[in-house]
Amino acid sequence: MTEKIELPQGTLDLLILRTLLPGAQHGWAISERVQQVSSEVLSIQQGSLYPALHRLERRGWIKSRWGTSDNNRRAKYYELTQRGRNQLELETEAWRKLTVAVEQVLEGA
Amino acid sequence: MLDDLRYRSHALLHHKQVEDELDEELRFHFDKQVEKYRRSGMSEEEAKRRARLAFGGHEQVKEDCREARGTSFIELTLDDARYAFRQLVANPTFTLVMVLTLALSIGANSAIFSVINGVLLKRLPYAQPERLVRIFLSNNEYPKFPLNPWDFLDFRARNHSFESMAAFTRGDVQLSGEGEPIRLNGFGITSGYFRVLGIHPQIGREFDFQAEVPGNGLQAVISDRLWRTRFGADPNVIGRKVTLNMQPFTVIGVMPRGTEHPGNVYHSLAYGESVDVWWPFSFGGNSNQRGSHFIEGIARLKPGVSVEQAKAEVNAVMGQMAHEHPNGDSGWNVLVIPLYSEVVGATRQMLLVLLGAVGIVLLIACVNAANLLLARASARQQEIAVRLAMGAPRLRVVRQLLTESLIISVTGGALGLGLAFGGVRALVALLPADFPRAHDIHVSGPVLVFTLLVSVLTGILFGLAPAMQASRTDPKQGLKHNTRTTTTSRYQNRLRSALVVAEVGLACVLLIGAGLMLRTLLNLIRLDPGFQEDHVLTASISLPHNRYNSGELTAQFFDRLAAKMNALPGVESAGAGSDLPWTGYDENAGGFNIEGKKSEANQQTHARYHMATAGYFSAMGIPLLQGRFFTEGDKKGAPQVIIINHAMAAKYWPGEDAIGKRITFDDNPKKDDDWMRVVGVVGDVKDQPNSPGAEPSFWWSEYQASEPDMSIAVRTKSDPRQVADGLRNAVHSLDPELAVADVKQMNQVADASISTPRFTFVLVGLFAGLAILLAGIGAYGVIAYTVAQRTPEFGLRVALGAQPGDLLRMVLTQSVRLAVPGIVVGVTLAMSLGRVLQSLLYGVHPADPIILISVTLLVLIVSLLASYAPARRAALADPMSTLRAE
């Protein structure tokens with residue numbers, strides 16, 4: 001089993017927003033998707049996922065609606081709003097800058 | 001921001017829906033997880049177990065989501081409130097006792113605070129009232145004395161401390177014309193009087209300097225009330241004539257509603273909208289004669305000038321004046337007193353004592369409530385243990401219990417506010433008649449805020465300790481099933497006993513206070529005033545100078561009136577005097593010479609002077625000690641005579657017979673006419689109901705002195721009110737244009753003079769009664785609780801041979817053990833507080849042994865009564881049920 005690492009503070013929002021970029025997803029799918037794409041390195045605990053979704057919704061970056069899942073059950077879908085897209089861009093750029101800078105320090109020192 | 005608000009309010013308003021949806025969402029997630037594990041080959045059981053582990057606490061996730069929604073605080077509070085409400089409804093007796101005791105004590109506090117707010121806290125209704133000061137003179141003989149008119153003019157001209165300065169003096173006027181003539185409260189004022197107060201006439205203007213010149217005085221400024229009642233609020237009233245004292249005055253101004261008289265000392269009239277007419281004070285006569293003091297100063301300080309600075313400056317001016325007029329102006333100090341202290345200063349101490357007393361009642365109610373909550377907390381240990389075991393944080397439990405006490409206290413506060421509305425009305429009705437600003441006392445905005453604040457603070461004060469205590473419950477201990485033997489910690493029992501001791505102590509303080517007030521009141525009632533107040537009808541009549549312009553006419557009028565009254569059936573005697581006892585009259589004459597005695601340079605003679613007719617003393621019931629009363633023979637032209645009181649005889653003719661002795665105000669008496677001969681000595685009438693004795697006084701014969709403003713006194717055989725109409729008829733048959741004012745009975749006057757101590761006693765007594773009742777409930781609660789706890793023990797004792805009487809005694813002893821330290825604490829506290837009360841007491845020492853002993857006995861009796869029922873229950877303990885239970 002691949003070793004899992006703790007999510008650094010503040011990255012959870014970024015991951016959720018990025019995962020929603022292709023289209024609306026329900027909570028479970030979001031956590032599955034993050035886990036898959038990160039080759040099982042990142043996993044989102046349910047205990048933090050749902051409070052995060054509520055928080056993002058309160059900020060107006062995502063919105064929710066009820067839809068039907070693949071096996072015909074009612075599920076709550078989340079999708080990005082325009083403000084969410086802008087936020088995603090901002091945060092992605094900030095993250096890139098951060099990682100480059102951290103890398104430079106690690107190399108240079 | 002707006003989205004955020006919309007989101008939060010949606011979450012709040014659709015709380016149930018949002019919660020249900022969250023549930024559904026989480027269940028969906030869970031099922032998906034289980035399905036995933038199943039697909040990887042796990043059994044149904046195993047998959048569910050794993051999913052549950054991965055999921056963590058379901059409740060915790062929901063709580064975190066609520067927090068993320070930003071509505072958790074309100075939702076939690078609503079949750080707590082719902083929970084608390086269920087708890088309270090489930091224990092109606094407990095809730096009712098708590099809410100009612102708090103309602104009573106918070107309501108009492110709100111009512112007293114309404115008085116404090118209206119009287120002490122609300123600003124006086126003048127522009128920048130903190131800059132207004134009153135100006136008086138003072139010397140050894142007269143600590144607070146009016147000004148001489150010329151002194152006032154010098155002050156006004158020479159000072160640099162005041163922005164403006166004015167003077168005023170009481171001078172009631174008689175209004176006649178249409179309808180029955182009436183007497184109106186009036187004041188003579190200098191120009192600028194209203195400018196000093198910062199009140200402008202609503203129509204017209206106030207007096208200018210021209211009006212201060214003698215002869216220009218037939219002008220009047222009238223009150224809004226008079227304008228409406230007498231002139232139909234005529235907007236063209238300016239310039240109209242009005243008949244005052246039988247002379248035509250021209251109305252030049254109408255003051256607005258709420259023009260409050262600032263109160264005065266000389267022929268005092270209480271603060272308030274008590275004045276209807278102002279007339280111009282004029283300065284006439286010789287400016288070098290400065291012995292006559294009868295106008296009062298009021299001034300507005302310049303911005304930045306302190307009262308002390310102003311006082312220093314006007315005293316320097318007084319020094320110059322003393323130099324210029326050594327005869328009249330030396331020996332005086334000038335007092336500059338802030339108007340605020342002048343208006344409410346006298347009531348302050350009493351109101352603060354009442355606030356203290358009612359605060360103590362609230363404190364006792366708090367202690368009581370805390371005690372009840374503590375008792376209940378131990379009964380609820382199990383419930384709390386369950387909540388703690390389920391993972392509720394301790395802080396959450398504290399919060400929940402505090403919510404409960406807050407609901408109780410705020411409900412109590414709301415009910416209390418209702419009580420305060422009624423209480424304030426009763427208080428105002430009970431207030432002494434001359435109490436300042438009584439009409440400013442309402443349950444107003446500040447009172448609402450005060451009540452809310454007090455309710456919340458009360459809830460926290462009595463709720464916090466029990467809540468903390470309860471949250472310390474050990475879940476393991478608490479969950480053990482046998483609640484009956486659940487051991488309450490020793491600490492808790494001691495805390496509860498300490499609370500009862502504190503309660504009893506505080507109640508003792510109030511009881512001792514009430515005892516002191518009662519003795520003060522009784523002492524005042526029992527005082528011999530020096531006259532007989534019952535069966536006397538009094539009234540005042542003022543003869544306008546216009547019609548009664550000679551001494552003969554004045555004397556003749558009062559003589560005829562007395563004769564008409566004496567002819568009425570039921571009348572024993574009738575007379576007239578310049579004043580009635582205890583009505584604020586204070587006329588003084590100084591510097592007379594006594595025949596045959598050298599006046600000592602530094603010891604000026606002085607006495608109060610009055611005028612009286614023949615029948616005055618017997619109508620008032622003032623006894624004649626020596627000599628005779630006045631007769632109609634003591635008239636103008638006859639030898640001048642005076643009657644003196646016992647104090648004057650004792651002071652100036654000690655050990656001698658005063659009858660026949662003579663005094664004079666003339667520095668060089670030549671002829672017999674310059675002397676006044678003492679023809680009678682009468683008993684002392686106390687200057688004030690609570691003064692230790694009487695100042696030296698003498699009476700001139702009205703037939704010689706011809707005072708036009710007189711008080712009528714009629715002594716009757718039965719109810720004096722029956723001759724009131726007779727008096728009016730008698731006056732009007734002599735002169736139909738005269739007003740008969742202030743018709744009342746002398747015992748009303750006497751009654752009014754003790755109304756302040758009576759008011760204080762009634763309230764402190766009421767609070768003390770409430771306090772001892774609450775303390776009794778508190779003691780009962782603790783004793784009943786310990787008896788319930790110890791029932792098995794009692795059962796065992798009975799099984800071992802104890803008699804019911806032994807158990808009864810045991811419980812009663814426990815109660816006395818709580819009461820005794822309480823009494824010790826209370827007495828000690830009362831001793832140290834005694835000084836505060838001193839100024840409100842009369843003839844009783846704060847450490848009065850009779851009061852201390854009666855309070856001790858009363859508290860012991862109450863504590864025995866409180867424990868009697870539980871003690872009976874203990875005595876009836878059934879050994880069988882104990883043995884079965886153990």
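Residues numbered from 1 in each chain as written. Chains lettered and ligands numbered in written order. Predicted model: local features only at pLDDT ≥ 70, side-chain atom pairs only at ≥ 80, totals over all residues.

Comments concerning the overall build of chain A
When helices and strands are counted, chain A shows four helices and three strands. Starting at the N terminus and ending at the C terminus, chain A contains elements arranged as α-β-α-α-β-β-α. When the backbone C-alpha atoms are referred to their principal axes, chain A occupies close to 55 × 35 × 20 Å. The burial tally for chain A puts 28% of its 109 residues in the buried class. (Helix = DSSP H or I, 4+ residues; strand = E, 2+ residues; numbered from the N terminus. Buried ≥ 20, exposed ≤ 12 C-beta atoms within 10 Å, placed from the backbone.)

Topic: the overall build of chain B
Of the regular secondary structure elements, chain B holds 27 helices and 24 strands. At 38 Å, chain B has a C-alpha radius of gyration far larger than the 29 Å of a compact globule built from 886 residues. Taking the principal axes of its C-alpha atoms as reference, chain B extends roughly 135 × 75 × 55 Å. Taking all 886 residues of chain B together, the buried fraction comes to 41%. Of all intrachain contacts in chain B linking residues separated by at least 6 positions in sequence, the fraction that spans at least 24 positions is 82%. (Rg over C-alpha atoms; globule rule 2.2 N^0.38 Å. Contact = placed C-beta atoms within 7 Å.)

Considerations on the interface of chain A and chain B
Counting residues at the interface gives 16 residues for chain A, matched by 21 residues for chain B. Among the secondary structure elements, those contributing two or more residues to the side of chain A that touches chain B are helix 2 (27–37), helix 3 (46–59) and strand 3 (74–80) of chain A. Its residues assigned to classes, the side of chain A that touches chain B comprises four nonpolar, six polar and six charged. (Nonpolar A, V, L, I, M, F, W, Y, C, P; charged D, E, K, R; others polar.)

Examining the domain arrangement of chain B
For chain B, the assigned domains are domain 1 (2–70), domain 2 (74–119 + 349–481), domain 3 (146–331), domain 4 (488–509 + 752–886) and domain 5 (548–736). The gap between the C-alpha centroids of domain 1 of chain B and domain 5 of chain B is 99 Å. (Domains from an automatic or database assignment.)

Notes on the environment of B:V825
All names here are of chain B. For V825, the position within the fold is in helix 25 (residues 804–837). Given 17 C-beta atoms within 10 Å, V825 falls into the partly exposed group. Sequence-wise, V825 and C508 are 317 residues apart; in three dimensions their C-alpha atoms are separated by 8.4 Å. If near-sequence neighbours (up to four positions away) are discounted, V825 is found in contact with V501 and G505.

Overview of the sheet that holds strand 3 of chain A
All names here are of chain A. Ordered in space as 1-3-2, the three strands form an open sheet in which the pairing is antiparallel. In this open sheet, the two strands that pair with only one neighbour each are strand 1 (25–26) and strand 2 (62–68). Sheet topology places strand 2 next to strand 3; seven bridges connect them, and they run antiparallel. Of the residues in strand 3, the one forming a bridge with W66 is K76. (Pairing = 2+ DSSP bridges.)

Some words on the pairing of strand 19 (residues 641–645) of chain B
Residue and element names in this part refer to chain B. Of all five residues that make up strand 19, five are buried, and the element is covered over most of its length. Of the two faces of strand 19, the one lined by V641, I643 and N645 and the one lined by I642 and I644 are each fully buried. Summarising the sheet, strand 19 and strand 22 (residues 697–701) pair through three bridges and their orientation is antiparallel. Considered in strand 22, the bridge of I644 is made with F698.

Things to note about helix 25 of chain B
For an α-helix the count is 3.6 residues per turn, leaving residues at separations of three or four pointing the same way. Residues and elements named next belong to chain B. Here helix 25 is 34 residues long and its end C-alpha atoms lie 47 Å apart, about the 50 Å a rise of 1.5 Å per residue gives. Among all positions in helix 25, only L807, V811, Q814, S815, L818, A819, G822, I823, G826, A830 and L837 are buried. The elements touched by buried residues of helix 25 are helix 12 (339–379), helix 17 (490–526), helix 24 (755–799) and helix 26 (849–875). (Expected span 1.5 Å × (residues − 1).)

Observations concerning unusual backbone geometry
Residues and elements named next belong to chain A. Residues other than glycine seldom take positive phi values, yet S39 does so here, at roughly 50 degrees. As for its position among the elements, S39 is in the loop between helix 2 and helix 3. C-beta crowding within 10 Å serves as the criterion here: with 8 such atoms nearby, S39 is assigned to the exposed category.

Brief notes about the packing of helix 6 (residues 92–121) of chain B against helix 14 (residues 394–430) of chain B
Residues and elements named next belong to chain B. Taken N-terminus to C-terminus, the directions of helix 6 and helix 14 make an angle of 45 degrees; their axes are 6 Å apart at the nearest point. Judged by the angle between their axes, helix 6 and helix 14 are oblique. Like other packed secondary-structure pairs, helix 6 and helix 14 cross with a definite hand, here right-handed. Grouping the constituent residues of the contact of helix 6 with helix 14 by class yields 16 nonpolar, ten polar and no charged. (Axes fitted to C-alpha atoms, helices over the stretch in contact; angles between N-to-C directions. Parallel < 35°, antiparallel > 145°, perpendicular 65-115°, else oblique. Left-handed = near helix turned anticlockwise from the far one by under 90°.)

Here we look at the environment of A:T92
Residues and elements named next belong to chain A. With respect to the helices and strands, T92 occurs in helix 4 (residues 82–108). For T92, a count of 14 C-beta atoms within 10 Å puts it in the partly exposed group. Distance from T92 to K76, taken between C-alpha atoms, is 26 Å for residues 16 residues apart in sequence.

As for the nonpolar core
All names here are of chain B. Counting residues in hydrophobic clusters, the biggest one holds 162 residues, and the most contacted among them are A220, V361, V504, L510, F767 and A771. For this core, the leading source of residues is helix 12, giving 22 residues. Residues in contact with A220, not counting those within four places in the same chain, are V242, L244, F249, V251, I252, V277, W278 and W279. In this structure, F557, I643, V678 and M710 belong to the second largest nonpolar core, which totals 62 residues. (Core = buried A, V, L, I, M, F, W, Y, C linked by C-beta atoms within 7 Å.)

Focus: the confidence of the model for chain B
A residue-level look at chain B finds 96% of positions with pLDDT of 70 or above and a mean pLDDT of 87. ipTM for the predicted complex: 0.87, alongside a pTM of 0.77. (pLDDT = per-residue confidence, 0-100.)

Let's talk about the packing of helix 1 (residues 11–19) of chain A against helix 2 of chain A
Residues and elements named next belong to chain A. One can describe the packing of helix 1 onto helix 2 by two numbers: an axis separation of 10 Å at closest approach and a directional angle of 100 degrees. Looking at the two axes, helix 1 sits roughly perpendicular to helix 2. Residues L15, I16 and T19 of helix 1 form the contact with helix 2, whose participating residues are I30, R33 and V34. For the contact of helix 1 with helix 2, a count of residues per class yields four nonpolar, one polar and one charged.

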